[in-house]
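Breakdown of the fold
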Amino acid sequence: MVPPLCNSNASEVQSFWEVPVARYHVPKTVTQTLTQVLCELAKTRPGVRKSNRGGWHSGALLDALTTPAATRLRSAFFSAGSDYIRRVDRRARAGLRGEVKLSLLGAWANVNKHGDSNVAHMHPGLVSGVLYIETDLPQGATLCFTDPRAIPSQCSSQSCDSFGQEEWNENCSLLGDSVNGAAFKDLTAGEMLIFPSWLQHHVPPHAGKDLRISVAFNLKAELVQQKKTEKILTITVDQDLRFDAAAAEFRTMELLFGSQVTRKDASIDLSFDWLHEGDLRRFRPPDQVASWIRSSGTLSFWSCFRTPGEAGSVSVVVLPENFVQGLRYRPSVLAANSGFHVLAGDIKLWLHDPRLQVEVAAAADPIARHLFGQKVALQLTSGTMVAFPASVFYSLEAKVPSATLALTL
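Residues numbered from 1 in each chain as written. Predicted model: local features only at pLDDT ≥ 70, side-chain atom pairs only at ≥ 80, totals over all residues. Heavy atoms only, no water.

Helix and strand counts for the protein come out as ten helices and 24 strands. Taken over 409 residues, the protein has a buried fraction of 50%. Sequence separation of 24 or more characterises 89% of the internal contacts of the protein that already satisfy a separation of 6 or more. Of the accessible surface of the protein, which amounts to about 19600 Å², a share of 50% is contributed by carbon and sulfur atoms. (Helix = DSSP H or I, 4+ residues; strand = E, 2+ residues; numbered from the N terminus. Buried < 20%, exposed > 50% of the residue type's maximum accessible area, 1.4 Å probe, protein only. Contact = heavy atoms within 4.5 Å. Areas by Shrake-Rupley, 256 points an atom, 1.4 Å probe, with all protein chains shown as cover.)

Quick look at the structure:
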């Protein structure tokens, strides 16, 4: 997280690649009869072992329910899933148009008693959801999401040692501005969460004495047709199944784990005799540039992005005419931030999604690519400074000879 001091001196601060998690409410007409039914199924049918550690994890759920109960659940799944896709599409300005067909990949129930849990896992499909049937009031249920940029088992010692992997697994203690995860707590019966299927999550051990019962599901989406003349997005479901679009009521959408990009525009009064000499070069700042950095206030702006205790680095990069960096680059995941300060010319900075899970999903699914997997292009002119998390991959382009400071902070 960028300190407020950095933001106060910035021309623009943007957050990219946020993960949308939406809350919906499902009426009692859908959930009220399921508690007894699921408890009976847990007693009479063997469960399966998936992510659950203890408790009962059903097989295919809808086949075990009566037709009216299955129809009501399916309506809630498709209602929330289609609404979520529309909202994410509008927010991301993804331009998803034409017909999108939703299919239910599967639905299952979890009946957990005291101490039962679900280890960290991901789901197949485009979007997934969980509907809470019973949550053992007053504390409710908890669902923990892992930051896709740096999961706890791979985070640095600085971010893990203060809390610990065990605490994260047991009670989702890494919250708020931590880069490790966020928890949705106090979830009650009738609440439904919808999230991308690639978002890793887990359920900590159930602390209550009564049962915690939930139903989870996965939806996949297929882009049936997309014509350039299409102006609207139409969402249908497989097998011509009808569903009640009002079966789930939208409440809120929370945006998690965004990567903040901070930009500042200023003027530069420097001349560069070496700008047009040779090809791509990288070198230590010459005395002329180093003196300007110290006297212009640039150093104080960059210093607030630095990792405490880390030295960081500054170098000058000269880009020749029509330069294109074909490979994405990430200098150091141990640093907090990376950045550029354009000294001369014009540079296009491409920032690539730092979440490898999204890259995999987007490569196989054009809808996932539209909704979640966008890269960002920033046009930087002389004097522009930009800082972004070191976990973000980047590449550079320059049509005219240009020079920039490259920073690891």
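There is more to say after this.
The full count for this structure, using the stated rule, is nine salt bridges. In this structure, Arg23 and Glu191 form a salt bridge, with 3.0 Å as the shortest nitrogen-oxygen distance. With Arg23 in strand 2 (residues 19–25) and Glu191 in strand 10 (residues 191–196), the pair connects residues that are 168 residues apart, well separated along the chain. Glu191 gets classed as buried once you look at its relative accessible area, which sits at 16%. For Asp116, the salt bridge is made with Lys113, and the minimal N-O distance between the two is 3.5 Å. Linked by salt bridges that have partners in common, Arg23, Glu191 and Glu254 make up one network. (Salt bridge = Lys/Arg side-chain N within 4 Å of Asp/Glu carboxyl O.)

Turning next to the nonpolar core. Phe145 and Met192 are the most contacted members of the largest nonpolar core, which totals 66 residues. The residues contacting Met192, other than those within four sequence positions of it, are Ala22, Arg23, Tyr24, Val26, Ala76, Phe77, Ala80, Val130, Leu131 and Phe217. Ranked by size, the runner-up nonpolar core spans 21 residues in total, among them Val342, Leu349, Leu396 and Ala398. (Core = buried A, V, L, I, M, F, W, Y, C linked by side-chain atoms within 4.5 Å.)

A sheet is described by the order of its strands in space; here four strands give the open sequence 18-23-20-21, paired in antiparallel fashion. Only two strands of the sheet have a single neighbouring strand rather than two, namely strand 18 (323–324) and strand 21 (376–381). Examined bridge by bridge, strand 18 and strand 23 (residues 393–398) share two bridges and lie antiparallel to one another. Note that in strand 23 the partner of Phe323 across the bridge is Ala398. (Pairing = 2+ DSSP bridges.)

Taken as a whole, this structure holds nine aromatic pairs when the rule is applied. Centre to centre, the rings of Phe16 and Trp17 are 5.7 Å apart; their planes meet at 50°, and the pair counts as tilted. The pair formed by Phe16 and Trp17 is uniform in burial state, with each residue classed as buried. By the ring-pair criterion, three or more aromatic residues cluster together here, those being Phe145, Phe184 and Phe195. In this structure, Arg87 is placed above the aromatic ring of Phe250, and the distance from its NZ or CZ to the ring centre is 3.6 Å. Note that Lys375 overlies the ring of Trp350, its terminal NZ or CZ placed 4.7 Å from the centroid. (Phe/Tyr/Trp six-rings, centres within 6.5 Å; stacked < 30°, edge-to-face > 60°. Lys NZ or Arg CZ within 6 Å of the ring centre and 35° of its normal.)

Attention now moves to the sheet that holds strand 16 (residues 281–283). The seven strands are arranged 1-15-22-19-24-17-16 in an open sheet whose pairing can be described as antiparallel. The open sheet has two edge strands with one neighbour each: strand 1 (12–16) and strand 16. Pairwise comparison of adjacent strand axes, ignoring direction, gives a mean angle of 20° for this sheet. (Axes fitted to C-alpha atoms, helices over the stretch in contact; angles between N-to-C directions.)

Time to look at the pairing of strand 8 (residues 141–146). Across the six residues that make up strand 8, a large majority, six, are buried. With burial as the criterion, each face of strand 8 is covered, one bearing Ala141, Leu143 and Phe145 and the other bearing Thr142, Cys144 and Thr146. By the bridge criterion, five bridges tie strand 8 to strand 9 (residues 181–187) in an arrangement that is antiparallel. Bridging across to strand 9, Leu143 finds its partner in Phe184. As defined by bridge partners, strand 8 adjoins strand 11 (residues 201–203) across two bridges and the pair is classed as antiparallel. Residue pairing across strands places Phe145 opposite His201, the latter belonging to strand 11.

A few words now on unusual backbone geometry. Located in the positive-phi region is Trp17, a residue other than glycine, with phi close to 60°. Following the sequence through the fold, Trp17 ends up in the loop between strand 1 and strand 2. Non-glycine residue Asn322 carries a positive phi angle of around 60°. Residue Asn322 is classed as exposed on the basis of its relative accessible area, which comes to 54%.

Relative to the assigned elements, Ser82 resides in helix 4 (residues 67–92). Within the structure, Ser82 has its side chain in polar contact with the backbone oxygen of Ser79 (distance 3.2 Å). With residues up to four places along the chain from it excluded, the contact list for Ser82 reads Leu102, Ile235 and Phe243. (Polar contact = N/O pair within 3.5 Å; in protein donor to acceptor, adjacent residues only side chain to side chain.)

Those residues of helix 7 (residues 287–295) not exposed but buried are Val289, Ala290, Trp292 and Ile293. Buried residues along helix 7 cover an arc of 160° about the axis, so they all sit on one side. Facing away from the buried surface of helix 7 by more than 90 degrees, the exposed residues are Asp287, Arg294 and Ser295. Those residues of helix 7 that are buried lie in contact with helix 8 (298–303), strand 19 (337–344) and strand 24 (402–408). A positive backbone phi angle near 90° is found at Gly297, which sits one or two residues after helix 7. (Arc of directions from axis to C-beta.)

Spatial relationships are all this shows, so hold off on functional conclusions.
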